Amino acid sequence: MNTGSDGAADAVADGDDTVSDSGAKPLGSRAPGFIQERRALHLSWQVGVFIVGLAVVVAGIIMLPLPGPGWLVIFGGMAIWATEFVWAQLVLRWTKRKVTEATQRALDPRVRRRNIILTTVGLVIIAVLVGVYVWKFGLEMPWNIKQ
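Quantities reported herein were computed from a predicted structural model and do not represent experimental measurements.

Chemist: Go over the overall build of the protein chain, please, and point to the residues and values.
Modeler: Within the protein chain one finds six helices and zero strands. Start at the N end of the protein chain and walk to the C end: the helices and strands fall as α-α-α-α-α-α. Buried residues in the protein chain amount to 19% of all 147 residues. Pairs at least 24 apart in sequence give 49% of the contacts found in the protein chain among residues at least 6 apart. Total accessible area on the protein chain is roughly 10,800 Å²; 69% of this is exposed by carbon and sulfur atoms.

Chemist: Can you lay out the packing of aromatic side chains for me, pointing to particular residues and giving the numbers?
Modeler: The full count for this structure, using the stated rule, is five aromatic pairs. Centre to centre, the rings of Phe50 and Trp81 are 5.4 Å apart; their planes meet at 15 degrees, and the pair counts as stacked. You can see Phe50 sitting in helix α3 (residues 39-63) and its partner Trp81 sitting in helix α4 (residues 70-82), a full 31 residues away along the chain. Ring centres of Phe50 and Phe85 lie 6.2 Å apart, and the angle between their planes is 85 degrees; this geometry places the pair in the edge-to-face category. Placement of Phe50 in helix α3 and of Phe85 in the loop between α4 and α5 (86-106) is noted, with a sequence separation of 35 residues between them. Here the aromatic cluster, defined as three or more aromatic residues joined through ring pairs, consists of Phe50, Trp81, Phe85 and Trp87.

Chemist: If you had to explain the confidence of the model for the protein chain to someone new, which residues and values would you point to?
Modeler: When pLDDT is averaged along the protein chain, the result is 80; 82% of the residues meet or exceed 70. Looking over the protein chain, one finds the lowest element-wise mean pLDDT in helix α1 (residues 5-13), namely 46, and the highest in helix α6 (residues 109-137), namely 92. Contacts of residues 7-20 to residues separated by more than four positions or lying in other chains number 10 contacts, the stretch itself having pLDDT below 50.

Chemist: For the environment of Ser44, give the residues involved together with the corresponding values.
Modeler: Here Ser44 shows up in helix α3. Only 2.8 Å separates the side chain of Ser44 from the backbone oxygen of Leu41, close enough to count as a polar contact.

Chemist: Talk me through the nonpolar core; I want residue IDs and the actual numbers.
Modeler: One finds Val49, Val57, Met78, Trp81, Ala82, Phe85, Ala88 and Leu92 forming the largest nonpolar core, which totals eight residues. Of all the elements in the fold, those that place two or more residues in this core are α3, α4 and α5. Not counting the four nearest positions on each side in its chain, Val57 is found in contact with Ile74, Gly77, Met78 and Trp81.

The rules behind each value
Residues numbered from 1 in each chain as written. Predicted model: local features only at pLDDT ≥ 70, side-chain atom pairs only at ≥ 80, totals over all residues. Heavy atoms only, no water. Helix = DSSP H or I, 4+ residues; strand = E, 2+ residues; numbered from the N terminus. Buried < 20%, exposed > 50% of the residue type's maximum accessible area, 1.4 Å probe, protein only. Contact = heavy atoms within 4.5 Å. Areas by Shrake-Rupley, 256 points an atom, 1.4 Å probe, with all protein chains shown as cover. Phe/Tyr/Trp six-rings, centres within 6.5 Å; stacked < 30°, edge-to-face > 60°. pLDDT = per-residue confidence, 0-100. Polar contact = N/O pair within 3.5 Å; in protein donor to acceptor, adjacent residues only side chain to side chain. Core = buried A, V, L, I, M, F, W, Y, C linked by side-chain atoms within 4.5 Å.

Take a look at the structure:
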């Protein structure tokens, strides 16, 4: 089972603490050293981390249509996987970058002004529709209206 974490773990173990361009931690396994030194123990550690992460991600997926913090739990499961697997670390870095970009776009004054205008227009339209309904039918529920 090639997870891609052995190469980076060996590089870190050799003292090659190269950091990526973004200043983030090096990729690879974050298992304790005594676990990384023993191949069978490290493989069983990876299987355990994968199973725990999978259980958390599945719970998050179940929470998406049900009440609960589905996306938060899914990202928590990805963070568990990222402690051991390079692919999960890369996915989390990409997600963090995209969230940061979206936050910066949302905080742009022109975008904020547009969002405020659109929200105000939407609320005015809803208020007019509610006003017309109350004027025509009173405060009756739609299923109690007799034509």
